[in-house]
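Chain by chain, the residues run as shown.
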Amino acid sequence: MEIQLYNTLTRNKETFKPLKQGEVSIYNCGPTVYDTPHIGNYRTFIMNDLIRRVFEYNDYKVDQVMNITDVDDKTIRRSREEKIPLKELTLKYEKLFIEESEKLNLKRPDHLIRATEYIPAMIELVGTLLANGIAYKASDGVYVNIEKVKDYGTLAKLDLSHDSHERIANDEYDKENARDFAVWKFKTPDDGDVSWDTPFGAGRPGWHIECSAMAMNVLGPTIDIHTGGIDLIFPHHTNEIAQSESATGQPFVHYWLHGAFMTVSDEKMAKSKKNFLKLGDLLDETISPLAYRYWLLTAHYRSPVNFTFEAVRAAQTALIRLLQLVGTYPEGGKIDSSYKNRFQEFINDDLDVPQAIALAWELVKDSNVSEPDKRATLIDFDKVFGLKLDSAPRIEEEKIPEEIVALAEAREEARQTKDWKKADALRHEIESRGFTIKDETTGFKLRSS
Ligand code: AMP
Ligand code: ZN
């Protein structure tokens, strides 16, 4: 079955065509390990995980790379503020990121790689850009001359008519200020000992060159899919394309996928606003990481979502109910092929996971599918959902003594003949023996009280 993906490059949904039949190469911009990720970051990482799972569900061999940004302006600034070596800071937050990713049941990428371990590849790439005249040396670093880059800014649909041809040393800047950007930053006193020697001067890589070098070093000059949050379209991904394509002369990425942002109380998350929530803050409110994951499955990755505790609590209630149901369904069933087909159609339609979740609930309510088959089908869906439905605790149906069942049947008969007095007496009899009886449309239900 075909997979459709919305490609930021063309602003269209396209049929996915892999570079190699049956295989998909994916590069995800990973965390900058200078602090605990906030729950907005995890929205993007959950999107990455869903993309991987959808391709696996379609029997693709996935080769997924995620980088760990362990050297950049932010990490260096923080290590200086905390007066600890850069490595000590970044290892601490990398470990935390891996632990939290496991709690969210994110599959580990095939290559989770640190920028500091790919410095030679970055130096080589900067060397190529200098050699072919795309980059030039300035007093504080090596810069890419965006005027020399073929089709600079297509991804972000930049209007370069007012280009002032200035330089920007910072990794982050806005779209209105497209300028020559740094691929190598010469050593400054603030960088401490974070520096590498190169033929073009000692210093450290810019953030953008890191991803270009790592992606191409592991996956080759052209890759199938590259992802990130929507904020990375400019300048980060725009500059990645510029550097990579100028160096290789080949298309860098076929499909660019970007996830929408999550806001809190309709505001951008910011430390100054105190709405900067971490997974730990959710746990303090007894919200599990998997409930947060479930909540995000109910929104499409390209739709902005607004976090409220109320919404996530409702998601947690729904997840618990689903786990309880799977827990009561007997094992030994088979996957319902009609539901599986519909499921695959949804997820292959640019990851329409919210529809797939709605389908799971439709299945639960469908009286034409047996309980064992429901279980088998839901556990199959969970290959994509990643909600650990197969670990739902088994809830054994209670064994009700035969004489109590006989009393309940007699009461049912009395009700059918409208002998309410007898029916009441039998109800009292059942209750006095420690059981409760509830009338449902499909008949009575007995429980020990
Ligand atoms: P960083 O660790 O800052 O490099 O960010 C990691 C990822 O999180 C990037 O792909 C960002 O685009 C993404 N991101 C940052 N803030 C949000 C947010 N509020 N909602 C969704 N994704 C976000
Ligand atoms: Zn990146």
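Model, not experiment: these values are computed from the prediction.

Undergrad: What exactly am I supposed to notice about the domain arrangement of the protein here?
TA: Taken domain by domain, the protein holds domain 1 (4-264), domain 2 (289-294 + 303-391) and domain 3 (402-448). Centre-to-centre separation of domain 1 and domain 3, based on C-alpha positions: 67 Å.

Undergrad: Would you explain the site of ligand 1 in this entry?
TA: Of all residues adjacent to ligand 1, which total 17 residues, the nearest are Thr 32, Gly 40, Thr 44, Asp 231 and Met 262. Within the backbone of Gly 40, an N or O atom sits 3.0 Å from a nitrogen atom of ligand 1. Between ligand 1 and Asp 231 there is a distance of 2.4 Å, counted from an oxygen atom to a side-chain nitrogen or oxygen. When isolated, ligand 1 has an accessible area of 500 Å², and the protein chains bury 91% of it. If you list the elements that add at least two residues to the shell around ligand 1, you get helix H1 (39-57) and strand E11 (223-229). Considering each element in turn, the shell around ligand 1 owes the most residues, four residues, to H1. Its residues placed into classes, the shell around ligand 1 shows seven nonpolar, eight polar and two charged.

Undergrad: What exactly am I supposed to notice about the coordination of the zinc ion (ligand 2) here?
TA: Angles at a metal have ideal values that depend on geometry: 109.5 degrees with four tetrahedral donors, 90 or 180 degrees with six octahedral donors. Donor atoms from the polypeptide that bind the zinc ion (ligand 2) are Cys 29 (SG), Cys 211 (SG) and His 236 (NE2), placed at 2.0 to 2.2 Å. For the zinc ion (ligand 2), the single-chain donor residues occur in sequence as C-x181-C-x24-H. One end of the pair, Cys 211, is in helix H5 (residues 207-219); the other, His 236, is in helix H6 (residues 233-248), with 25 residues separating them in the sequence. No difference in accessibility class separates Cys 211 from His 236, as the two residues are buried.

Undergrad: How do you make sense of the side chain of Asp 380 when you look at a structure like this?
TA: By secondary structure assignment, the location of Asp 380 is in helix H12 (residues 371-385). Leave out the neighbours within four places in its chain, and Asp 380 touches Tyr 57, Ile 335 and Lys 340.

Undergrad: Can you help me understand the side chain of Ser 244 in this one?
TA: Locating Ser 244 in the fold gives a position in helix H6. Here Ser 212 takes part through its side chain, which lies 2.9 Å from a polar atom of the side chain of Ser 244. Here the side chain of Ser 244 touches Glu 240 through a polar contact of 2.8 Å, landing on its backbone oxygen. Every residue in contact with Ser 244, bar those within four places of it in the chain, is listed here: Ser 212, Met 216 and Phe 252.

Undergrad: When you look at the sheet that holds strand E3 (residues 23-28) in this model, what are you seeing that I'm missing?
TA: Picture the strands of a sheet paired through backbone hydrogen bonds; they go either parallel or antiparallel. A sheet is described by the order of its strands in space; here five strands give the open sequence E5-E4-E3-E11-E12, paired in parallel fashion. Only two strands of the sheet have a single neighbouring strand rather than two, namely strand E5 (111-114) and strand E12 (253-259). Taking the axes of each pair of neighbouring strands and ignoring which way they run, one obtains an average angle of 20 degrees across the sheet. In terms of strand pairing, E3 meets E11 through three bridges, oriented parallel. Among the inter-strand pairings, Ile 26 is bridged to a residue of E11, identified as Ile 225. In the packing of H6 onto the sheet, contacts are made with E11 and E12, and the angle to E12 comes to roughly 170 degrees.

Undergrad: What should I look at first to understand the packing of helix H10 (residues 337-348) against helix H11 (residues 353-365) in this one?
TA: Geometrically, a packed helix pair is captured by the angle between its two axes and the distance between the axes. Running from N to C, H10 and H11 cross one another at 165 degrees; their axes reach a closest spacing of 9 Å. By the angle class used here, H10 and H11 are roughly antiparallel. Crossing handedness for the pair H10 and H11: right-handed. Between H10, through Tyr 339, Arg 342, Phe 343, Phe 346 and Ile 347, and H11, the contact on the second element is made entirely by Gln 355, Ala 356, Leu 359, Glu 362 and Leu 363. Residues belonging to the contact of H10 with H11 are distributed by class as follows: seven nonpolar, one polar and two charged.

Undergrad: Sorry, what's going on with unusual backbone geometry here?
TA: Backbone phi values are negative for most residues with the exception of glycine, while trans is the configuration of most peptide bonds. Here the amide bond leading from Phe 234 into Pro 235 is cis, since omega sits at 0 degrees, within 30 degrees of zero. Topologically, Pro 235 is positioned in helix H6. Of note, Lys 157 is a non-glycine position whose phi angle comes to about 50 degrees, a positive value. Taking the relative accessible area as the measure of exposure, Lys 157 reaches 53% and is therefore exposed. In this structure, Lys 388 takes a positive phi of about 60 degrees despite not being glycine. Inspection of the secondary structure puts Lys 388 in the loop between H12 and helix H13 (402-416). Classification of Lys 388 as partly exposed rests on a relative accessible area of 35%.

Rules behind the numbers
Residues numbered from 1 in each chain as written. Chains lettered and ligands numbered in written order. Predicted model: local features only at pLDDT ≥ 70, side-chain atom pairs only at ≥ 80, totals over all residues. Heavy atoms only, no water. Domains from an automatic or database assignment. Near = heavy atom within 4 Å. Polar contact = N/O pair within 3.5 Å; in protein donor to acceptor, adjacent residues only side chain to side chain. Areas by Shrake-Rupley, 256 points an atom, 1.4 Å probe, with all protein chains shown as cover. Helix = DSSP H or I, 4+ residues; strand = E, 2+ residues; numbered from the N terminus. Nonpolar A, V, L, I, M, F, W, Y, C, P; charged D, E, K, R; others polar. Donors = N, O, S within 2.8 Å, 3.2 Å for Na, K, Ca; no water. Buried < 20%, exposed > 50% of the residue type's maximum accessible area, 1.4 Å probe, protein only. Contact = heavy atoms within 4.5 Å. Pairing = 2+ DSSP bridges. Axes fitted to C-alpha atoms, helices over the stretch in contact; angles between N-to-C directions. Parallel < 35°, antiparallel > 145°, perpendicular 65-115°, else oblique. Left-handed = near helix turned anticlockwise from the far one by under 90°.

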